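# Structure at a glance
One letter stands for each residue in the lines below.
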Amino acid sequence: MKNFKIAQPKTIDQITSLLSEKRDKYYLMAGGTDLLGEIKDEIIEPEAVVDLTSIPNLSYIKKEKDGVRIGALTTVAELAKNLMIKQEYPGLHEAANGIATPQLRNMATVGGNLCQRPRCWYYRDPQVKCRKKGGSRCFAFRGKNKYHAIFGGGLCYIVHPSDLAPVLFALDAEIFISSSKGDKSIPLTDFFILPKVTVSKENILEPDEVLKEVKIPAPKRGEKSTYYKLMERGAWDFALVSVAVKANVSGDVFKDTKIVLGGVAPAPWRLKKAENMIEGKKITENLLRQATKEALKDARPLKENEYKKELIETIVYRAALSLV
Amino acid sequence: MEKIKKKKRKTFTRRDFLKGFGSGALGAAVVPKLVSQDVFSLQTKEGKIPLYSKKQITLNINEKNYSLVIEPRETLLHVLREKLNLTGTKKTCSGGECGACTVLLDGNPIYSCLTLAIRADNKKITTVEGLAADGKLHPIQQAFIEKDGYQCGFCTPGFIMSSVALLEKNKNPLTEEIKTALSGNLCRCGNYSKIYEAVSVASKSMRGA
């Protein structure tokens, strides 16, 4: 691993001030599990790493009247073992619990999980200069693309690797961002961007911006959520396909349904057509399969990943029925 | 063996050179108190922010304090094995994919290969060397021996550290809970059933059952 300098600032303002002046090749490190992997593999070569863990009080889960606030440096393990989260946002609990391994959950953070870089093997190969890394083409498009996107591709076919993102999407989360220009809050849905908007990154964060907090609104009466994740092995893997379902459930009727997929697009992917088709109706396996099939007509699978469509059809109905 | 030695010497020489060069060129910026520490401050609107190329840290490993100067890129695993000669912690994949380097940081199992040593400054680290006490093996180590909880043994320290963390929190785990707690460790000999059995036996002996 090549050497780099490290800054251990004490406040968010120091970080944003540092980044606003020296933003090239300065990288933020939260849990470090992804960033260090990128440095070791020589995908990035930081001049300096800015250690976020040196800032106190960025790790918390605070319940308030209108929802819960989660500090960006809260570890995935802390999120997974929080009983209030388990009760009020079971989908978030399930997603956190299914991330990687106990060791990685103890290290990885909520903010880092949302900002992690893609696992695409072309992107992770230091020898390959793909379009995401400033090259001229996406090698997955005509190459090995078993794990790649079937929605939202074009220019680049990565899938977003985060497990927390689909469920936070479904839960209408907001995020707070600090920068030298001041703080702002945006819905999580505006945070992620597709390659056709900006191919080199997966979210709107500018080099001088820091993700500080995630806020989830208080659950409405009757609100239920769940997260299903399919992997090639039983643990320690990224999702082949995952789904977060949230709905206000009364009996077997769903209202305000959100169905958000992970592992199928460069950003969390909502199945709006399916949501609309089941809204206010009596939920059955048949209806869910039909609705999902309809929504899957928009999918554009590559040569090796059409199987994801079948997986989606199956987990959507299983996840949704589990809420009845 | 010879090869490794050679490589080590080369690295050392180069660093030595850089160290000498660095302290000359950046002489004014070096904190006088800690001569071998290499730091310069970056002036920002929010005051001076120190930027370390080398930093003095203190690691509390197995209840002993070690003070040393390290580069930011040095992982905890590297420092344990190469600088402190604590080679019980194993290096295999070096990328958070195998679990052989598992140690406890403030009681929680983590991968030392993906942890910068600089960020473990002033934290409590437990490695496999810290388990035996008064010449007696830890009950989990004993159970791994009795139940053949290893074959080649290379993954064993990692498995044992994950098991220690589990049994600290859960005195009487179900087999499913043992499997989950050890899901971040790989055994390429495929000795899993014996490992689970060893942990289960250890939990019994630790409860005095």
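Note that the structure is a prediction, hence the values are computed from the model and not measured. Counting starts from 1 at the beginning of each chain's written sequence and moves along it residue by residue. Going through the entries in the order they are written, you letter the chains from A and number the ligands from 1. Side-chain atom pairs in this predicted model are given and counted only at pLDDT of 80 or more, local residue features only at pLDDT of at least 70, and totals for whole chains, interfaces and linings cover all residues. Hydrogens and waters are ignored; side-chain quantities use all the structure's heavy atoms.

### Things to note about the packing of aromatic side chains
Test applied: To pair, rings of Phe, Tyr and Trp, with the six-membered ring standing in for Trp, must have centres within 6.5 Å; the planes then decide the type, stacked if under 30 degrees apart, edge-to-face if over 60, and tilted in the middle. Runs of E in the DSSP output that reach at least two residues are strands. Runs of H or I that reach at least four are helices, and both are numbered from the N terminus. Throughout this description, buried means an accessible area under 20% of the type-specific maximum (1.4 Å probe, protein chains only), exposed means over 50%, and partly exposed covers the range between. Here, a charge over a ring means that NZ of Lys or CZ of Arg falls within 6 Å of the ring centre while also lying within 35 degrees of the ring normal.
For the structure shown, the criterion picks out nine aromatic pairs over all chains. When the ring of A:Phe151 is compared with that of A:Trp269, the centres are 5.3 Å apart and the planes differ by 20°; the resulting orientation is stacked. Taken together, the residues span a long stretch of sequence, with A:Phe151 in the loop between helix 8 (139-142) and helix 9 (164-170) and A:Trp269 in strand 12 (residues 269-270) at a distance of 118 residues. The interplanar angle of 70° and the centroid separation of 6.2 Å between the aromatic rings of B:Phe159 and B:Tyr192 together place this pair among those described as edge-to-face. One end of the pair, B:Phe159, is in helix 4 (residues 156-169); the other, B:Tyr192, is in helix 6 (residues 192-207), and 33 residues separate them in sequence. On the accessibility criterion, B:Phe159 (0% relative accessible area) is buried. In this structure an aromatic cluster arises from ring pairing among A:Phe169, A:Phe191 and A:Phe192. Sitting over the ring of A:Tyr123, A:Lys133 keeps its end group 5.5 Å from the ring centre. When the ring centre of B:Tyr52 is taken as reference, the NZ or CZ atom of B:Lys55 above it lies at 4.9 Å.

### Comments concerning the sheet that holds strand 6 (residues 174-179) of chain A
Hydrogen bonding along the main chain pairs the strands of a sheet, whether they run parallel or antiparallel. Residues and elements named next belong to chain A. We apply this condition: The pairing criterion is simple: DSSP has to find at least two bridges between the two strands. Orientation is described by axes fitted as lines to C-alpha atoms, over the contacting stretch for helices, and by angles from 0 to 180 degrees between their N-to-C directions. The contact criterion used is simple: two residues touch if any of their non-hydrogen atoms lie within 4.5 Å.
Spatial strand order, 4-5-8-6-7: five strands in an open sheet with antiparallel pairing. The strands lining the two open edges of the sheet, one partner per strand, are strand 4 (61-64) and strand 7 (182-187). For this sheet, the mean angle separating the axes of adjacent strands, direction not counted, is 20°. Pairing analysis gives six bridges linking strand 6 to strand 7, with the strands arranged antiparallel. By the bridge assignment, Ser178 is partnered in strand 7 with Asp183. Docked against the sheet, helix 1 (residues 12-21) engages strand 6 and strand 8 (209-217), running at close to 135° with respect to strand 8.

### Quick look at a nonpolar patch on the surface
Residues and elements named next belong to chain B. Operational definition: By definition, no residue in a patch forms a salt bridge, and every one has over 30% relative accessible area; like charges are joined within 9 Å, nonpolar side chains (Val, Leu, Ile, Met, Phe, Trp, Tyr) within 5 Å. Residue burial considers only the protein chains on display, and all accessible areas are found by Shrake-Rupley using a 1.4 Å probe. Definition used for salt bridges: Asp or Glu carboxyl oxygen within 4 Å of a side-chain nitrogen of Lys or Arg.
On the surface, a cluster of nonpolar side chains totalling about 250 Å² of accessible area is made up of Leu137, Ile145 and Tyr150. Relative to the assigned elements, Tyr150 resides in the loop between helix 3 (139-146) and helix 4. Exposure remark for Tyr150: the relative accessible area of 34% places this residue in the partly exposed category.

### Overview of the pairing of strand 3 (residues 64-70) of chain B
Residue and element names in this part refer to chain B. Here seven bridges tie strand 2 (residues 47-61) to strand 3, and the two strands are oriented antiparallel to one another. Its bridge partner lying in strand 3, Ile61 is registered against Lys64. Hairpin connection, strand 2 to strand 3: the antiparallel pair is bridged by two residues, and Asn62 has positive phi, about 50°.

### Remarks on the pattern of salt bridges
Residue and element names in this part refer to chain A. A full pass over the atoms with the stated rule returns 32 salt bridges over all chains. Between Lys181 and Asp208 there is a salt bridge, with its nearest N and O atoms 3.2 Å apart. Placement of Lys181 in the loop between strand 6 and strand 7 and of Asp208 in the loop between strand 7 and strand 8 is noted, with a sequence separation of 27 residues between them. Look at Asp208 and you get buried, because its relative accessible area is 1%.

### Re the domain arrangement of chain B
Residue and element names in this part refer to chain B. Rules: Segmentation of the chain into domains, including their bounds, is taken from an automatic or database domain assignment. Values labelled buried area give the accessible surface lost by two parts on being combined, using a 1.4 Å probe and summing over both. Throughout this description, a polar contact denotes any pair of N or O atoms lying within 3.5 Å of each other; where both atoms belong to protein, one of them has to be capable of donating a hydrogen while the other can accept it, and for residues adjacent in sequence the pair is counted only when both atoms sit in side chains. Gly is placed with the polar residues, together with every amino acid not listed as nonpolar (Ala, Val, Leu, Ile, Met, Phe, Trp, Tyr, Cys and Pro) or charged (Asp, Glu, Lys and Arg).
Structurally, chain B comprises domain 1 (25-130) and domain 2 (139-207). Taken over C-alpha atoms, the centre of domain 1 sits 28 Å from the centre of domain 2. Taken together, the contact between domain 1 and domain 2 spans 18 residues of the former and twelve residues of the latter. The junction of domain 1 with domain 2 conceals about 1,100 Å² of combined surface from both sides, 63% of it contributed by carbon and sulfur atoms. Summed over the shared surface of domain 1 and domain 2, the result is five residue pairs in polar contact (both at pLDDT 80 or more). Where the side of domain 1 that touches domain 2 is concerned, the elements lending two or more residues are strand 4 (102-105) and strand 5 (108-111). Tallied by class, residues from the side of domain 1 that touches domain 2 come to seven nonpolar, eight polar and three charged.

### Let's talk about the nonpolar core
Residues and elements named next belong to chain A. Operational definition: The term nonpolar core refers to a set of buried residues drawn from Ala, Val, Leu, Ile, Met, Phe, Trp, Tyr and Cys, joined through side-chain atoms within 4.5 Å.
Counting residues in each nonpolar core, the largest one holds 76 residues, and the members touching the most others are Leu92, Leu114, Leu164 and Phe191. Ranked by residue count, the leading element in this core is helix 9, at six residues. Not counting chain neighbours up to four residues away, the residues in contact with Phe191 comprise Leu114, Cys115, Ile175, Ile177, Ile186, Glu202, Asn203, Ile204, Leu205 and Leu211. Membership of the second largest hydrophobic core comes to 29 residues, among which are Ala247, Leu261, Leu296 and Tyr317.

### Digging into the environment of A:Glu64
Residue and element names in this part refer to chain A. The residue Glu64 is located in strand 4 in this model. Assessed through its relative accessible area of 32%, Glu64 is described here as partly exposed. For the pair formed by Glu64 and Pro217, sequence separation is 153 residues and the distance between their alpha carbons is 9.4 Å. A distance of 2.9 Å separates the side chain of Glu64 from the side chain of Arg69, its partner in a polar contact.

### Some words on the sheet that holds strand 12 of chain A
All names here are of chain A. Within the open sheet, the four strands sit side by side as 9-10-11-12. Their pairing is antiparallel. Strand pairing shows two members of the sheet lacking a second neighbour, strand 9 (223-230) and strand 12, which therefore form its edges. Pairing of strand 10 (residues 241-250) with strand 11 (residues 253-262) involves eight bridges; the strand directions are antiparallel. From the neighbouring strand, Val245 faces strand 11, where its bridge partner is Ile259. Packing of helix 12 (residues 307-321) onto the sheet brings it into contact with strand 9, strand 10 and strand 11, and relative to strand 10 it is tilted by some 30°.

### Looking at the interface of chain A and chain B
Across the boundary between the two partners, chain A contributes 34 residues, which contact 40 residues of chain B. Between chain A and chain B the total buried area reaches about 3,100 Å² when both faces are included, carbon and sulfur atoms providing 60% of it. If you sort the residues of chain A by the area they bury against chain B, A:Ile6, A:Gln103 and A:Trp236 come out on top, with a joint share of 22%. For the pair chain A and chain B, the number of links is one salt bridge.

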